[in-house]
Structure formats: structure tokens, C-alpha cells
Amino acid sequence: MAFDVAAVRAQFPILTGDGPVPRLHYLDNGATAQIPRAVLDAMAAHETTARANVHRSVHRLAEAATRAYEGARESVARFVGAQASQVVFTSGTTSAINLVAHAFGARLGPGDEVLISTLEHHSNIVPWQLLRDRNGIVLKALPATTDGRMDLDRLDDLVTERTRLIALTHAANVTGAVTDVARVVTAARAAGAEVLLDGAQMVPHGPLDVPALGVGFYCFSGHKMFGPNGIGVLWGRSDLLESMPPFMGGGEMIAHVSLEQTSYAAPPMRFEAGTPPITPAIGLAAAADWLSAQDLAGAETHLKNLTAQLIDGLSGMQGVSLVGPAGTQARMPVVSFTMDPLHPHDVAQILDSHGVAVRGGHHCAQPYMDSRDIAGTVRASLALYNDADDVEALLRGLREVRALL
Ligand code: PMP
């Protein structure tokens, strides 16, 4: 049976066109995806039946809240094939990477090397630069190939016996290129290094067996996978989490506190200081359950077809250059391009007046833009509720932009 995109779309109140937002061609899912009714309902149900703080009081509401929060952790753990104790709730991918840069980074010192790539989001660059400035580590970067992938041929000369961590995106947010994780893990193992993957653009496409990837850390954000914002996940291998000191101090993360010193709780609580994002965690679990229940094989084919339709349409257009792989293999449904002589912001602005939401700019990936000598790109990033009409509306809008020039 063909993938029923209309049935998926109907579950997203903002996309139906009968609410306050008119029919919108929403192609900015890489920035934030929309939220289905099931997730909104799960959060509303929690707020109206079990709102209380967690791991503290013993009254029944507090116990219900704790059960719901820890139940959410179990659902999210199932979604990534992991144990609940390996799932740390954070406020998003950015805070998950910062957590690792502090807690894992605490034992790195002068001469230790961290390898990133030119294709990283700023959230997987700046925390390592801060660590370099704090601890004197050496920060290196894999270059990108001309078709917007990481140049993994350079692993051989960039990974050394001083490499402690290879921190890379699983799927690049500008080009959609998917990283060959097995190759990275092989290189890391040979050097005795750990691997961190930024899964922000990967996880919205379905459940994963994260432990089977062979990496040490995996990070993602709720708002890009049809969940709420303010919530994300750091998955960590148990031995790594157990060996790391806390990042932030406060309530929740302790075993015992005296005025002189503190002993810490075991992971994951060691890394969750303060009142956690309880309702967002419940929403994230609902999003993981919702996504797992979709026809994901059908969605994958559907999105490949839309990506091909988009790339085809762009290919014939005067002044348009693709920034990223030319095909649909080993790439997410993210398509970036430039439109000479316009600035990407201007293209995005004009498309908005046609009811098409895309992002124009550097996409928090300035080093990659610099490496291409461009100010930015226009980026269309698709989710499973997008359809051929959305892609056609984008192409039509671009043809009209062309006609204005
Ligand atoms: N990494 C990648 C690849 C991303 O696309 C993004 C979001 N644009 C982030 C990290 C940061 O995610 P967040 O802002 O949710 O922390």
C-alpha cells in the first residue's frame, strides 16, 4: 500500500489549514518539525492529571509525575535500542554536546586531540573550541568533499594516537549527507578514541539501534522529531557515563551533600541537576512512540521520491547550484542550493510570500559556508507529512523569483 501522506498530515493541527495558520508549505523541518495531536494530548494529559515535581515528594501526584517521567525515559530508551540508565535528558542536542565537552572533556589535557568536521553545526564546534581554550586540547577538522560529504579518506592522517574523541554529525544539516559511521568507528577503535554522533538530523526519520553503532555518545533534540522544544537526549555508553564527573551541580544529581563535600548520584541522574524538563520529556516519549508507529519504510520511499523531485526541478533552473550530493543515496531529505545573484535570505523571504517556509542563511554552519566561499544556502528540509504539492509550490515560487530578475 502506498504511503498515506494525507493521513499523516491530518494529525498535525498546524498543517491542516483550518486553524489560524493558512495552508502552509512547511519545508523547514531541519530547523524544527511540527507537532502531532498525539504529542500535544500526551503533554496536556500530564499537565492536567499529574503535574508535580519528580523524585521529591511522596504524595500521589508527585509519585505519578515521577512514574511518568521515568516511563518517558524508558520509551525514549526503547526508541534508540538502549537501557534507560543510558538516557540523559538535556534541553537539546546543544546542551548534550556541551555536557560531553565538560564531563568527558574534564579528563582531556594539552596535546589530547578532538576531531570534528567542516560540516558540523556550530553546536558541535564551539563547545570543543571552548574546551580547547580551557584545557589546551588540539582541535582538528575533517574537510568536506565537493559534493558536501565528510572526506573520510582523511581519517588516516587526521586520527593519531593522541585522538581521544571523534565528534561528527550523523547527517549534515546543510547537505543532508549521511556519515559512514562504521568507517569512523573503525578508525576511532584503531586509535583507542571514542566517537560522539550528533543525531539531530537523523533521529527524526525513525528509531535507531544506537548501541549497535559502536559509538560512545549520541545526541538529539525533541523539537526536530515531532516533539516539544526544551528537551533532548544524550545517550552514553554505561562505562563512559559512569566514569564521568557531573557537568552541573544542584538538586537531583546528588547522593549526599554536606557543607564540605558531595557524593554524586549514578547516571543518568548525575547529569540532570535541578528540576528536569518533565512535561517535555513526556512529550518526547509520545513523539518517539508516534514516530515508531508510522509506516517508516513507506515514509522513506516517499521522502526519497520527493527529494528526487526537488533535485530534478532545481537542476534545470538557471542560476541555481545544488550544495550537497546530487543523488538520494546516503542523504537525508535535506536539499540546499544557491540562486545566483540573490542572497539566500532574499530567496527565503520571497518564498514566504508564496506560502513556502524554507530557511535561508548559514544554518549555523559557517565553517562549511566559508569552505565553499558562499554566504549561505536556501535549504528545504522535508518531513514525512510533506507532499508533492509542497515541492511543486517551492519550485513554482523559485520560477517566479527567476522571472522577477
Ligand atoms: N546539530 C545539528 C546537525 C542540527 O541540525 C541542529 C539544529 N539545527 C543542532 C545540532 C542543534 O540542535 P538544538 O538547537 O536543538 O540544540
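Just so you know, these numbers come straight off a predicted model, no measurement behind them.

What counts, and where the lines are drawn
Residues numbered from 1 in each chain as written. Predicted model: local features only at pLDDT ≥ 70, side-chain atom pairs only at ≥ 80, totals over all residues. Heavy atoms only, no water. Near = heavy atom within 4 Å. Polar contact = N/O pair within 3.5 Å; in protein donor to acceptor, adjacent residues only side chain to side chain. Nonpolar A, V, L, I, M, F, W, Y, C, P; charged D, E, K, R; others polar. Salt bridge = Lys/Arg side-chain N within 4 Å of Asp/Glu carboxyl O. Helix = DSSP H or I, 4+ residues; strand = E, 2+ residues; numbered from the N terminus. Buried < 20%, exposed > 50% of the residue type's maximum accessible area, 1.4 Å probe, protein only. 1 Å grid on protein atoms, 1.4 Å probe; cavity = no way out; pocket = protein on both sides within 12 Å on 5 of 7 lines; lining within 4 Å. Points joined across faces, edges and corners; volume = space filled by probe spheres on them. Core = buried A, V, L, I, M, F, W, Y, C linked by side-chain atoms within 4.5 Å. Contact = heavy atoms within 4.5 Å. Pairing = 2+ DSSP bridges. Right-handed = clockwise from strand over helix to strand, strands pointing away. Axes fitted to C-alpha atoms, helices over the stretch in contact; angles between N-to-C directions.

*Asks:* Tell me about the site of the ligand, and name the residues and values.
*Replies:* Taken together, T93, T94, H121, S123, T169, N173, D198, A200, Q201, S221, H223 and K224 form the complete shell of residues around the ligand. Within the side chain of S221, an N or O atom sits 2.7 Å from an oxygen atom of the ligand. Considering only residue class, the shell around the ligand consists of one nonpolar, nine polar and two charged.

*Asks:* Got a sec to walk through the pattern of salt bridges? Specific residues and values, please.
*Replies:* With the rule as written, the count across this model stands at 18 salt bridges. Of the charged contacts in the structure, one is a salt bridge between E252 and R56, with a shortest N-O distance of 2.5 Å. In this pair, E252 sits in the loop between α8 (238–243) and β9 (254–257) while R56 sits in the loop between α2 (37–49) and α3 (60–79), placing the two residues 196 residues apart along the sequence. Residue class for R56 comes out partly exposed when judged on its relative accessible area of 38%. For D153, the salt bridge goes to R183, with nearest N and O atoms at 2.7 Å. Here D153 is found in the loop between β4 (138–142) and α6 (155–158), whereas its partner R183 is found in helix α7 (residues 181–191), with 30 residues between them in sequence. Take D153: its relative accessible area is 54%, and that puts it in the exposed class. Here R183 falls in the partly exposed class, since its relative accessible area comes to 38%. Via salt bridges that share partners, R9, R23, D387 and D390 belong to a single interconnected network.

*Asks:* Explain the layout of surface pockets residue by residue, including any values.
*Replies:* What the largest pocket holds in volume is close to 410 Å³. Lining of the largest pocket is provided by 20 residues; of these, H205, L296, E300, M332 and P333 occupy positions nearest its centre.

*Asks:* Could you give an account of the nonpolar core, with specific residues and numbers?
*Replies:* One finds F89, F226, L310, V358, Y385, L394 and L398 to be the most contacted residues of the largest nonpolar core, which totals 98 residues. The greatest single-element share of this core, amounting to eight residues, is contributed by helix α9 (residues 278–292). Beyond its immediate stretch of four places on either side in the chain, L394 contacts L27, L310, L351, V356, V358 and A380. Listed in part, the 25 residues of the second largest apolar core include I97, W128, I137 and L241.

*Asks:* Run through the pairing of strand β5 (residues 163–169), naming residues and quoting values.
*Replies:* Counting buried residues along β5, six of its seven residues qualify, which places the element largely inside the surrounding structure. In the sheet, strand β3 (residues 113–117) pairs with β5 via three bridges, with the strands oriented parallel. Of the residues in β5, the one forming a bridge with L115 is I166. Two strands pair when backbone bridges link them, and β5 and strand β6 (residues 194–198) are joined in this way by five bridges, in the parallel orientation. If you follow L168 over to β6, its bridge partner there is L197. Considered for its hand, the β-α-β crossover made up of β5, α7 and β6 is right-handed.

*Asks:* Please set out unusual backbone geometry residue by residue, giving values where relevant.
*Replies:* Residue P267 is joined to P268 through a cis peptide bond whose omega torsion reads 5 degrees. Position of P268 among the secondary structure elements: in the loop between β10 (262–264) and α9. D340 connects to P341 through a cis peptide bond whose omega is 0 degrees. Here P341 shows up in the loop between β12 (334–339) and α11 (344–353). The backbone of E252 shows a phi angle near 75 degrees, a positive value even though the residue is not glycine. With a phi angle near 45 degrees, A330 is a residue other than glycine that sits in the positive phi range. Examined against the element boundaries, A330 turns out to sit in the loop between β11 (320–323) and β12.

*Asks:* I'd like a description of the sheet that holds β3, backed by residues and values.
*Replies:* Paired through backbone hydrogen bonds, the strands of a sheet run either parallel or antiparallel to each other. The strand order across the open sheet built from seven strands is β2-β8-β7-β6-β5-β3-β4, with neighbouring strands paired in mixed fashion. Every other strand in the sheet has two partners, leaving β2 (87–90) and β4 as the edge strands with one partner each. Across the sheet, the mean angle from the axis of one strand to that of its neighbour is 20 degrees, orientation sign disregarded. As paired elements, strand β7 (residues 217–221) and strand β8 (residues 232–236) share five bridges and run antiparallel to each other.

*Asks:* Describe the environment of L155, naming the residues involved and giving the relevant values.
*Replies:* Positionally, L155 belongs in helix α6. Exposure remark for L155: the relative accessible area of 3% places this residue in the buried category. Expressed as a C-alpha distance, the spacing of L155 and G313, which sit 158 residues apart in the sequence, is 35 Å. When neighbours within four sequence positions are excluded, L155 is seen to be in contact with L115, L142, R183, V184 and A187.

*Asks:* How would you sum up empty space enclosed by the protein? Please name residues and give values.
*Replies:* For the structure on display, the rule yields one cavity of 30 Å³ or more. Lining the largest cavity are 14 residues, and of these N29, G30, P204, H205 and L382 lie nearest its centre. Each residue belonging to the lining of the largest cavity can be placed in one class, and the counts come to eight nonpolar, five polar and one charged.

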